[in-house]
Amino acid sequence: MNSENIAKPHERLADHLAEDLVAVGTLIRERMASKHAPRIPEVTAHLVEAGGKRLRPMLTLAAARLCGYDGPYHIHLAATVEFIHTATLLHDDVVDESEQRRGRPTANLLWDNQSSVLVGDYLFARSFQLMTEPGSMRVMRILSNAAATIAEGEVLQLTAARNLATTEEVYFQVVGGKTAALFSAATEVGGVIAEAPDTLVRALFDYGDALGVAFQVVDDLLDYQGQADTTGKNIGDDFRERKLTLPVIKAVAKADDSERAFWVRTIEKGRQEDGDLDHAVALLHKHGTLAETQENALSWAAKAKAALAPLPEHDIKNMLSDLADYVVSRIS
């Protein structure tokens, strides 16, 4: 890669881990194959080959290498993390009735909901097969717990998303489940497979957890102030899907009677009209909730960087620190 291509932290990290990432990609393609159901690799490839950053599996590889691991099983764990992530994306798009993912039509739009759900189930099963191969009960416990926590977070979001009584505390419970749990598991198992001391494993967990929260808060913010060609999804999708994300939760808490009536109509009751998205954005600006949400994201990114302190000095450590900055730089 030339210097222009590796300017961003995740690209520098990918360049540093290039050989490992090739091995992960090969293993993913091998394990997503199906002798009897060709739709499985078709649907899976649509997402896996869509040009995503593979950030979560890269975190597993980075954590293992940072802790001095030189065995083969970080590849299996990185592929496990990617399968879990891909399965959740397939299911999420069905639940959210989404039509775009990573700038392309979603699998449920190209095929159908049944295919997305069942292929997602297959990938979850494959992930559990993969996670057993290193032979570490601790690794299996971490990843299986993460899978359960993700599902719990998704169900909590389902019940809280359109309820104006949802608080910031509940929002962060959702984020901790549906997003941060896989980030923290990805980094934690990298340290565990390397048999790193518990203090370093804990530092990796804390880094992944805080990075995951920052990542999701930024993602929610970009839905109201991003660009579709860079975010890979339609601006205002969260509003149209009536998701009560952090900027809106903050605006509802500051709303007067007429503003609250607007949020009740558009979010709780789902009666949206032309111009409602523009009005919603105007209310977020009026109450400064986009700026407040940005401050929340910056705070979580700072926590992620601070968590790296106990880890050994290494080029990867510096890249992970830069990655935390990059996650929030998307909103600056």
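Structure: above.
Keep in mind the model is a prediction, meaning the values are calculated, not measured. (Residues numbered from 1 in each chain as written. Predicted model: local features only at pLDDT ≥ 70, side-chain atom pairs only at ≥ 80, totals over all residues. Heavy atoms only, no water.)

Some words on the packing of aromatic side chains
Logical step 1: One pass over the full model with this rule turns up five aromatic pairs.
Logical step 2: Ring geometry for Phe172 and Trp300: centres 6.1 Å apart, planes at 35°, overall tilted. Residue Phe172 is located in helix 9 (residues 168–193), and its partner Trp300 is located in helix 16 (residues 289–307); the two are separated by 128 residues in the primary sequence.
Logical step 3: Residue Phe172 is classed as partly exposed on the basis of its relative accessible area, which comes to 22%.
Logical step 4: Seen from their ring centres, Phe183 and Phe215 are 5.4 Å apart, and the 45° between their planes marks the pair as tilted. Placement of Phe183 in helix 9 and of Phe215 in helix 10 (residues 198–225) is noted, with a sequence separation of 32 residues between them.
Logical step 5: Aromatic rings pair up to connect Tyr171, Phe172 and Trp300 into one cluster.
Logical step 6: Cation over ring: Arg56 sits above Phe215, and NZ or CZ is 5.5 Å from the ring centre. (Phe/Tyr/Trp six-rings, centres within 6.5 Å; stacked < 30°, edge-to-face > 60°. Helix = DSSP H or I, 4+ residues; strand = E, 2+ residues; numbered from the N terminus. Buried < 20%, exposed > 50% of the residue type's maximum accessible area, 1.4 Å probe, protein only. Lys NZ or Arg CZ within 6 Å of the ring centre and 35° of its normal.)

Structural notes on the nonpolar core
The nonpolar side chains of a soluble globular protein tend to be buried with one another.
Logical step 1: Judged by nonpolar contacts, the single largest core of 103 residues is most densely connected at Tyr207, Leu211, Trp263 and Leu320.
Logical step 2: No other element matches helix 10, which puts 15 residues into this core.
Logical step 3: Setting aside residues up to four positions removed in sequence, Leu211 forms contacts with Leu59, Phe183, Ala304, Leu323, Ala324 and Val327. (Core = buried A, V, L, I, M, F, W, Y, C linked by side-chain atoms within 4.5 Å. Contact = heavy atoms within 4.5 Å.)

Comments concerning the packing of helix 9 against helix 10
Logical step 1: Relative orientation of the contacting elements helix 9 and helix 10 amounts to 140°, with a least axis distance of 7 Å. With respect to helix 10, the axis of helix 9 lies oblique. Handedness of the helix 9/helix 10 crossing: right-handed.
Logical step 2: For the contact of helix 9 with helix 10, the per-class residue count stands at 14 nonpolar, seven polar and four charged. (Axes fitted to C-alpha atoms, helices over the stretch in contact; angles between N-to-C directions. Parallel < 35°, antiparallel > 145°, perpendicular 65-115°, else oblique. Left-handed = near helix turned anticlockwise from the far one by under 90°. Nonpolar A, V, L, I, M, F, W, Y, C, P; charged D, E, K, R; others polar.)

Considerations on the packing of helix 16 against helix 17 (residues 315–329)
Helix-helix packing: each pair is described by the crossing angle between the helix axes and the interaxial distance.
Logical step 1: As a packed pair, helix 16 and helix 17 sit with axes 9 Å apart at the nearest point and diverge in direction by 175°. Here helix 17 runs roughly antiparallel to helix 16, going by the angle between their axes. For the pair helix 16 and helix 17, contact is made by Ala297, Leu298, Ala301, Ala304 and Lys305 and by Ser321, Ala324, Asp325 and Val328, respectively.

A few points about helix 17
Logical step 1: The end-to-end C-alpha distance of helix 17, which contains 15 residues, comes to 21 Å, matching closely the 21 Å that a straight helix rising 1.5 Å per residue would cover.
Logical step 2: Among the residues of helix 17, Ile316, Lys317, Met319, Leu320, Ser321, Leu323, Ala324, Tyr326, Val327 and Val328 are the ones counted as buried.
Logical step 3: Contacts made by the buried residues of helix 17 are with helix 1 (9–16), helix 4 (55–66), helix 10 and helix 16. (Expected span 1.5 Å × (residues − 1).)

Let's talk about the pattern of salt bridges
Logical step 1: Evaluation of the coordinates by the stated rule reveals 17 salt bridges.
Logical step 2: Residue Arg54 pairs with Glu82 through a salt bridge whose shortest N-O separation is 4.0 Å. You can see Arg54 sitting in the loop between helix 3 (39–48) and helix 4 and its partner Glu82 sitting in helix 5 (residues 73–96), a full 28 residues away along the chain.
Logical step 3: Under the relative-accessibility criterion, Arg54 is labelled buried at 17%.
Logical step 4: By relative accessible area, Glu82 is classed as buried at 2%.
Logical step 5: As a salt-bridge pair, Asp237 and Arg240 come within 3.3 Å of each other at their nearest N and O atoms. In this pair, Asp237 and Arg240 both sit in helix 12 (residues 237–240), three residues apart, roughly one turn of the helix.
Logical step 6: The network of salt bridges with common partners includes Glu168, Lys250, Lys254 and Glu292. (Salt bridge = Lys/Arg side-chain N within 4 Å of Asp/Glu carboxyl O.)

Observations regarding helix 8 (residues 137–160)
Logical step 1: An ideal rise of 1.5 Å per residue puts 34 Å on 24 residues; helix 8 measures up with 34 Å between its terminal C-alpha atoms.
Logical step 2: Residues of helix 8 that are buried: Val139, Ile142, Leu143, Ala146, Ala147, Ile150, Gly153, Gln157 and Ala160.

Things to note about the side chain of Glu188
Logical step 1: Following the sequence through the fold, Glu188 ends up in helix 9.
Logical step 2: One buried charged residue, Glu188, forms no salt bridge at all, with the nearest opposite charge on Arg138 at 5.1 Å.
Logical step 3: Sequence-distant contacts of Glu188, defined by excluding residues within four places in its chain, comprise Ile142, Val201, Leu204 and Phe205. (Lys, Arg positive; Asp, Glu negative; His and termini not counted.)

A closer look at the environment of Pro310
Logical step 1: Locating Pro310 in the fold gives a position in the loop between helix 16 and helix 17.
Logical step 2: Once the C-alpha coordinates of Pro310 and Ala181 are considered, the two residues, 129 residues apart in sequence, prove to be 21 Å apart.
Logical step 3: If sequence neighbours within four positions are ignored, Pro310 has contacts with Leu200 and Ala203.

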